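Summary of structural features
The chain contents come next:
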Amino acid sequence: MDRLSAAARLMIVSDLDHTMVDHHDAENLSLLRFNALWEAHYRRDSLLVFSTGRSPTLYKQLRKEKPMLTPDITIMSVGTEITYGDAMVPDNGWVEVLNQKWDKKIVTEEASRFPELKLQSETEQRPHKVSFYVDKDKAQTVTQKLSEIFKNRGLDVKIIYSGGMDLDILPQGAGKGQALAYLLRKFKCEGKVPTNTLVCGDSGNDAELFSIPEVYGVMVSNAQEELLQWHAANAKNNPKLTHATERCAAGIIQAIGHFKLGPSTSPRDIKDESDGEVKSIDLGHEVVKLYLFYERWRRAEIDNSEIYLSSLKANCCPSGFCVPPSGGEISLAEAINQFRKCYGDKQGKQFRVWVDRVLSTEIGPGTWLVKFHKWELSGEERACSIVSIIVRIKVI
Ligand code: GLC
Ligand code: MG
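Residues numbered from 1 in each chain as written. Chains lettered and ligands numbered in written order. Predicted model: local features only at pLDDT ≥ 70, side-chain atom pairs only at ≥ 80, totals over all residues. Heavy atoms only, no water.

1. Considerations on the sheet that holds strand β13 (residues 321-323)
Put simply, the rule reads: Pairing between two strands is assigned when DSSP locates at least 2 bridges connecting them. The helix and strand labels rest on DSSP assignments: H or I over at least four residues marks a helix, E over at least two residues marks a strand, and numbering proceeds from the N terminus. The contact criterion used is simple: two residues touch if any of their non-hydrogen atoms lie within 4.5 Å. Structural elements are reduced to axes, namely lines fitted to C-alpha atoms, with helices fitted over the stretch in contact, and the angle between N-to-C directions of any two is expressed from 0 to 180 degrees.
One open sheet accounts for five strands, arranged β14-β13-β17-β16-β15; its pairing is antiparallel. Unpaired on one side and paired on the other, β14 (330-331) and β15 (351-364) mark the two borders of the sheet. In this sheet, strand β17 (residues 381-392) lies alongside β13 in antiparallel orientation, the contact comprising three bridges. Residue pairing for β17: C322 is matched across the bridge by I389. Against the sheet, helix α9 (residues 283-298) makes contact with β15, β16 (367-378) and β17, and its axis sits at roughly 150° relative to β15, the strand it touches most.

Now the structure itself:
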C-alpha cells in the first residue's frame, strides 16, 4: 500500500480464474498482452489487486502454472484474507472485523447435515470460509434452508454460489465487495483514493464487486449465467458497468479502452515499434519493448536485420548498463550484441518472455536504476532472473 506516495491513477481489482486467467488459452496470450500493458504503462503509478476465491495454497499453485504478474494487494478466499506486497503481509485488522458474529464450528456442523453439500478440499476451508460443491438445481433450496437455520442460531452469514458448482459460507461482513470497500476506506483515511477503480469478474462471487459505488466494472464476455442474471436484476442501468465482447484479460484491456481509463494498446499488439516516433522516455515501456523484441527475435518473428539491432541500441540509451546478480556491469549495447547468436533459435517452439514489477528509482540527477523480474518460458521450463539496469538520461 505504501509503494505509491500519491493516489493511484488506476486500481484494477480482478478475479483470477476465467477473468484474468483464461484456462482455455493454452498459450496465455491475453494474459501476456495484459502483463505487457500493465508494466509498460501502469505499474509505476497504479495498483494491481487480485481478488480470488482461491485459498493461499491454490493461489500460489496458480502463480506457478500461469504467467501472472505480482499484484500489489492479494485478496483471497472470497474476500476473507487480504495481504500486501510480494511478501504477502496479512491485514490483521480485517481478520478482527470478520470475527464478529462468526462461529465456524456451528457453520460446519449445520451444513454437514445436508447430503446435497459435498465438502471441498481441506485447503479451501479457511478461518472465515467454509466451502462445498452443490448441483445447480439444488443450490437455491439449500441456500434458503441454510440461511434460515443460521439466523435461528444467531449467526450473521453470507452464502455465495459461484461457477454453477461452488457454495461458500462466509461471515456477513466478508466477500469480495466488502473487502474492496474496506480497502477503499483505508485509502480514504490516507487521502489516497485511486482516481479510477476498475473491477473485473466472471462469476457469482464477483457480483459484490460491481455494487461498490463509484467503481467501473467489466464482466468478461465469458461471464457465468449467475453473474449476468445478477446484473440484469440489480445493475442494468449502471453506465459504469460493461459486458465485454472479449474473453478474460482481453476483456479487461477492452474495458480500459471503453471507459477511457488510460492507454489500452498492449505493446504486444504493436508489430513494429520502429514505426512510432520516439516520445518522452518511459523506462517501464522501454523495458517491455526490449524484452518483446528479444522474444520475437528468438522466435524469428522479425527479420534478422542489423538495422533492427542498431535502432534498438540507439533507442536503448547508449549509456545503459546491466548489472548481473553476480556483480560487475555490462553495457546494454553489448547485451544487445549478444542477441546475434540466438536469432531464431526458438522458431516454432513455445517461447515467451515477460517482465514483472518494473520499478525505476532516480539515484542521481538524470541517473535511474531500473529493477525488474524477467521471466522466460521455454517449453515446460520457466526461469526467472532479477535484472538491474542503470540508465543515464540526458536532460535537455
Ligand atoms: C475457488 C475456491 C473455492 C470457492 C470458489 C468460489 O475455486 O478454491 O473454494 O468455492 O473459488 O468462490
Ligand atoms: Mg472467476
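Still more to cover.
2. Details of the nonpolar core
The cut-off we apply is this: In these notes, a set of buried Ala, Val, Leu, Ile, Met, Phe, Trp, Tyr and Cys residues joined through side-chain atoms within 4.5 Å is what counts as a nonpolar core. The cut-offs for exposure are 20% and 50% of the maximum accessible area for each residue type, with area from a 1.4 Å probe on protein chains only; residues under the lower value are buried, those over the upper are exposed, and the others partly exposed.
Judged by nonpolar contacts, the single largest core of 34 residues is most densely connected at M11, I73, I82 and L180. Those elements that provide at least two residues to this core are β1 (10-14), β2 (47-51), β3 (73-76), β4 (81-84), α3 (92-98) and α6 (176-189). Here this core takes seven residues from α6, the largest share from any one element. Listed in part, the 30 residues of the second largest apolar core include L10, I12, L48 and L261.

3. What about the site of ligand 1?
The cut-off we apply is this: Residues are labelled near a given molecule or strand when at least one of their non-hydrogen atoms is within 4 Å of it. We define a polar contact as two N or O atoms separated by no more than 3.5 Å, with the added condition that, inside protein, one atom must be a possible hydrogen donor and the other a possible acceptor, whereas residues neighbouring each other in sequence contribute only through side-chain atom pairs. Under the convention used here, a 1.4 Å probe and the Shrake-Rupley method define accessible areas, while residue burial counts only the protein chains that appear. Residues are sorted three ways: Asp, Glu, Lys and Arg are charged, Ala, Val, Leu, Ile, Met, Phe, Trp, Tyr, Cys and Pro are nonpolar, and all the rest, Gly among them, are polar. For every domain, the bounds stem from an assignment made automatically or drawn from a database.
Near ligand 1, the surroundings consist of G53, R54, L58, V78, Q120, E124, K129, S131, S162, D166, D168 and N205. Here K129 contributes a side-chain N or O atom positioned 2.7 Å from an oxygen atom of ligand 1. Protein coverage of the free-state accessible area of ligand 1, which is 310 Å², stands at 86%. In terms of residue class, the shell around ligand 1 is made up of two nonpolar, five polar and five charged. Shared between two domains, the shell around ligand 1 takes at least three residues from each, and those domains are domain 1 (2-90 + 175-267) and domain 2 (101-171).

4. Concerning the sheet that holds strand β7 (residues 130-133)
Strand order in the open sheet formed by four strands is β6-β7-β9-β8, with antiparallel pairing between adjacent strands. Across the chains shown, the open sheet's two edge strands, defined by having one partner strand only, are β6 (118-119) and β8 (157-162). In this sheet, β7 lies alongside β6 in antiparallel orientation, the contact comprising two bridges. Each residue of the ladder has a partner; that of K118, found in β7, is Y133. Packing of helix α4 (residues 104-111) onto the sheet brings it into contact with β7, β8 and β9 (166-171), and relative to β7 it is tilted by some 15°.

5. Quick word on the UniProt feature "domain: Sucrose phosphatase-like" (unreviewed entry) in the protein chain
In plain terms, the rule: UniProt positions are given in the numbering used here, feature names are shortened, and annotations may be inferred rather than shown by experiment.
Listed under "domain: Sucrose phosphatase-like" (unreviewed entry) in the UniProt record, and renumbered for this structure, are residues 9-260. Taken end to end, residues 9-260 comprises 36% helix and 20% strand; its first and last C-alpha atoms sit 12 Å apart.

6. Re the domain arrangement of the protein chain
What the domain assignment reports for the protein chain is domain 1 (2-90 + 175-267), domain 2 (101-171) and domain 3 (274-392). When each unit is reduced to the centre of its C-alpha atoms, the spacing between domain 2 and domain 3 is 50 Å.

7. Focus on the pattern of salt bridges
Where we set the bar: Here, a salt bridge means any side-chain nitrogen of Lys or Arg that lies within 4 Å of a carboxyl oxygen of Asp or Glu.
Taken as a whole and assessed by the stated rule, the structure comprises 29 salt bridges. Of the charged contacts, one joins D15 and K176 as a salt bridge, the two residues approaching to 3.0 Å between their closest N and O atoms. Here the residue D15 occupies a position in the loop between β1 and α1 (29-41), and K176 occupies one in helix α6, the gap between them amounting to 161 residues. Comparing D15 with K176 shows no difference in burial state: the two are buried.

8. A look at the environment of G344
Summarising the element assignment, G344 is placed in the loop between α11 (332-337) and β15. Taking the relative accessible area as the measure of exposure, G344 reaches 17% and is therefore buried. When the C-alpha positions of G344 and N304 are compared, they lie 8.4 Å apart, and in sequence the two are 40 residues distant. Leave out the neighbours within four places in its chain, and G344 touches W297, R298 and A300.

9. Structural notes on unusual backbone geometry
Phi angles above zero are rare outside glycine, and S77 is one such case at about 50°. Relative to the elements of secondary structure, S77 occurs in the loop between β3 and β4. A positive phi angle, near 55°, is found at M88, a position not held by glycine. Locating M88 in the fold gives a position in the loop between β4 and β5 (89-90). M88 sits in the buried class, given a relative accessible area of 17%.

10. A word on the packing of α9 against helix α10 (residues 306-315)
To describe two helices that pack against each other, one gives the angle between their axes and the distance between the axes. Note the following rule: Roughly parallel covers angles under 35 degrees, roughly antiparallel covers those over 145, roughly perpendicular covers 65 to 115, and oblique covers all other angles. In this scheme, a crossing is called left-handed if the near helix is turned counterclockwise away from the far one by less than a right angle; it is called right-handed if the turn is clockwise.
Close contact between α9 and α10 brings their axes to 12 Å; oriented N to C, the two are set at 165°. As judged from the angle between their axes, α9 and α10 are roughly antiparallel. Viewed along their axes, α9 and α10 form a crossing whose handedness is left-handed. Residue-level contacts link E286, L290, F293 and W297 of α9 to Y308, L309, L312 and N315 of α10. For the contact of α9 with α10, a count of residues per class yields six nonpolar, one polar and one charged.

11. Some thoughts on the packing of aromatic side chains
Under the convention used in this document: Stacked, tilted and edge-to-face are the three classes assigned to paired rings of Phe, Tyr and Trp, where Trp is represented by its six-membered ring and a pair needs centres within 6.5 Å; plane angles under 30 degrees give stacked, over 60 edge-to-face, the rest tilted. Lysine NZ or arginine CZ positioned within 6 Å of the ring centre and within 35 degrees of the ring normal marks a charge as sitting over the ring.
Following the criterion strictly, the structure yields 12 aromatic pairs and no others. Geometrically, the ring pair formed by W354 and W375 is stacked, given 6.0 Å between the ring centres and 5° between the ring planes. Linking W354 in strand β15 with W375 in strand β16, this pair joins segments that are 21 residues apart in sequence. In this structure W354 comes out as buried when scored by relative accessible area, which is 5%. Members of the aromatic cluster, connected to one another through ring pairs, are Y291, F293, Y294, W297, F339, Y343, F351 and F372. Taking the ring centre of Y216 as reference, the NZ or CZ of K240 above it sits at 4.6 Å. Directly above the ring of W375 sits R382, whose terminal nitrogen or CZ lies 4.6 Å from the centroid.

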